[in-house]
Amino acid sequence: RLLIIDFGSQVTQLIARRLRELNVYCEIHPFQSVDEAFLKDFAPRAIILSGGPASVIDEGSPRPPKGVFTLGVPVLGVCYGQQVMMEMLGGEVVRGDGTAEFGRAYVAPTGEPLNLLEGWFAPENSGGREQVWMSHGDHVARLAPGFEVYGASPNAPFAVTADQARRFYAVQFHPEVHHTPNGGRLYENFVRIAGFTRDWTMAAYREQAIAAIRDRVGGEKVICGLSGGVDSSVAAVLIHEAIGDRLTCVFVDTGLMREGEADEVVGMFRDHYNIPLIHADESSLFLDALNGVSDPEIKRKIIGGLFVEVFEKHAHSVGGAKFLAQGTLYPDVIESVSFSGGPSVTIKSHHNVGGLPERMNMKLVEPLRELFKDEVRALGRELGLPDSFVGRHPFPGPGLAIRCPGEITPEKLSILRKADAVYIDQIRRHGLYNDIWQAFVALLPVRTVGVMGDSRTYDYACALRAVTSVDGMTADYYPFSHEFLGETATRIINEVKGINRVTYDITSKPPGTIEWE
Ligand code: XMP
């Protein structure tokens, strides 16, 4: 197995993801918990040192144990990992004096070919250069003995360095991010150099996840909030496999669900899976609390708080559940939480992480916390969830509340629900559902004038949203044909009383977000 030592970079999980794609088993451990004894016990076949926000020049900045370099296994240092390697092995790192580099850069080969770079610098890739993503303040000024340079960019003369004899590799940029388009190749080469057989699968992940859940939960009871989305469904089935009927699912009908949602979810879990399920109709609780509220963060906080209240009530009613399970994914974690001084800021309080009030006195079980959406889908298939369920578009915990900018009323929700059903029906009829990451209608807090028949109308406008995405972190609007858009607008206006104008949202993420709030 491969050990990733995490120095706090925002993108460390992406390294793990790249390795899982290569069918290599890896574990991420924070640098604080990796000492010589741990290393010996873990016995890694290879080690990756991640990036991180610290500066190796600063007193007390993190270091891995020296054993990393005496085990005789291949080591790859990324960004901060590169600097730590150079510093510990006898090179020199200096502070960026205006040479900090953030963003796209191009690396060109220098010197001999390097096994780590096999398949790189192909002429078809911008004439023999490779696009990479840099994000660093300090840089290496002198290489450690035994190291040579194999790639450089205009601002990073030591972009790719290695000591081939010892199989130590160190790169200044981040090969794991999308903006290093061929970065996956570096990891592929690295695991080949380390001699991995690449036979790790989602089935193995399932087993590990089940063992980890049993370990965390012990003999206690768990309740799991089901939202109707894929994540909480996969989490529930996985936990049920781990602990059986000590799991109870709670489907909280917030009054903010889509048309038919409650029946579908309850039918699936109670009838198909035979998982104990409480169907809690709490719509008046939620809608009363949201009455008159229009600020998106306040909406999210209110909803998060009420979810906890309802979960706590049911934790009690099932005879004292100590754990609350949630389908939190890695992108939710990274967008809601600021890591160890890292540069990530809170964009939105996703209810299943940042919005949870401190006072909650249940512990969390979040078995999908390391995964990205497409990996959760693969796990869902592995668990035997039907394709129609696994392929469902994501649906956020706060539901229609964040698709109804401004104040929420039962009337607006009813209009939104109908429009959304027509829109999704259109998408399915045209066979587009699976090409789209997520599609929904947002009901705008704007009334506009129209004319229907011979009468004037003064009704709501709505916006259609449809995006493509790999992991929800970035997204592009979906390029519907004009014909499709025209037909959908006509259907919505004809079939949904209360809407007389339809617009299409063509904002990508960033700068927009997928949801409107
Ligand atoms: P944004 O709007 O942040 O959404 O670009 C990214 C993805 O996350 C979903 N989302 C949520 N999921 N609780 C959730 O479980 C939330 O509070 C939440 N907010 C956004 C969103 O639907 C999209 O798939």
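Here is what the cut-offs are and how they apply
- Residues numbered from 1 in each chain as written.
- Predicted model: local features only at pLDDT ≥ 70, side-chain atom pairs only at ≥ 80, totals over all residues.
- Helix = DSSP H or I, 4+ residues; strand = E, 2+ residues; numbered from the N terminus.
- Rg over C-alpha atoms; globule rule 2.2 N^0.38 Å.
- Buried ≥ 20, exposed ≤ 12 C-beta atoms within 10 Å, placed from the backbone.
- UniProt positions renumbered as here; feature names shortened; annotations may be inferred.
- Contact = placed C-beta atoms within 7 Å.
- Core = buried A, V, L, I, M, F, W, Y, C linked by C-beta atoms within 7 Å.
- Axes fitted to C-alpha atoms, helices over the stretch in contact; angles between N-to-C directions.
- Parallel < 35°, antiparallel > 145°, perpendicular 65-115°, else oblique.
- Left-handed = near helix turned anticlockwise from the far one by under 90°.
- Nonpolar A, V, L, I, M, F, W, Y, C, P; charged D, E, K, R; others polar.
- Expected span 1.5 Å × (residues − 1).
- Arc of directions from axis to C-beta.

**Observations regarding the overall build of the chain**
Across its full length, the chain carries 14 helices and 20 strands. A globule of 517 residues ought to have a C-alpha radius of gyration of about 24 Å, and the chain, at 25 Å, matches this closely. Dimensions of the chain, computed from the C-alpha atoms along their principal axes, are close to 80 × 55 × 40 Å. Every one of the 517 residues in the chain was classed for burial, and the buried ones make up 43%.

**Brief notes about the UniProt feature "binding site: ATP" (unreviewed entry) in the chain**
Under the present numbering, the feature "binding site: ATP" (unreviewed entry) in UniProt falls on S227, G228, G229, V230, D231, S232 and S233. On the neighbour-count criterion, G229 (20 C-beta atoms within 10 Å) is buried. Setting aside its immediate chain neighbours within four residues, G229 contacts G327, R392, P394 and F395. Relative to the helices and strands, D231 resides in helix α6 (residues 230-243). In contact with D231, other than residues within four places in its own chain, are G327, L329, L368 and V376.

**Description of the nonpolar core**
Ranked by size, the top nonpolar core spans 81 residues in total, and within it V222, C224, I239, C249 and A419 carry the most contacts. The element that contributes the greatest number of residues to this core is α6, accounting for 9 residues. Excluding anything up to four places from it in sequence, C249 contacts C224, L226, A236, F269, I275, P276 and L277.

**Observations regarding the packing of helix α8 (residues 283-290) against helix α9 (residues 296-317)**
Look at α8 against α9: their axes get within 10 Å of each other, and the N-to-C directions meet at 150°. Considering the angle they form, α8 stands roughly antiparallel to α9. Crossing handedness for the pair α8 and α9: right-handed. When α8 is examined against α9, the residues L285, F286, A289 and L290 are found in contact with a partner set consisting of K299, I302, I303 and L306. Here the residues of the contact of α8 with α9 sort into 7 nonpolar, no polar and 1 charged.

**A look at helix α1 (residues 12-21)**
Structural remark: α-helix, 3.6 residues per turn; residues separated by three or four positions point the same way. A large share of α1 lies buried, amounting to 9 of its 10 residues. Within the sequence span of α1, burial applies to T12, Q13, L14, I15, A16, R17, R18, L19 and R20. Following α1 by one or two positions, N23 has its phi on the positive side, about 60°.

**Here's the deal with helix α7 (residues 261-272)**
Counted at 1.5 Å a residue, the expected span for α7 with its 12 residues is 16 Å, and the 16 Å between its end C-alpha atoms agrees. Residues V265, M268 and F269 constitute the buried set of α7. Angular distribution of buried residues about the axis of α7 spans 80°; they occupy a single face of the element. Pointing more than 90 degrees away from the buried face of α7 are the exposed residues D263, G267 and D271.

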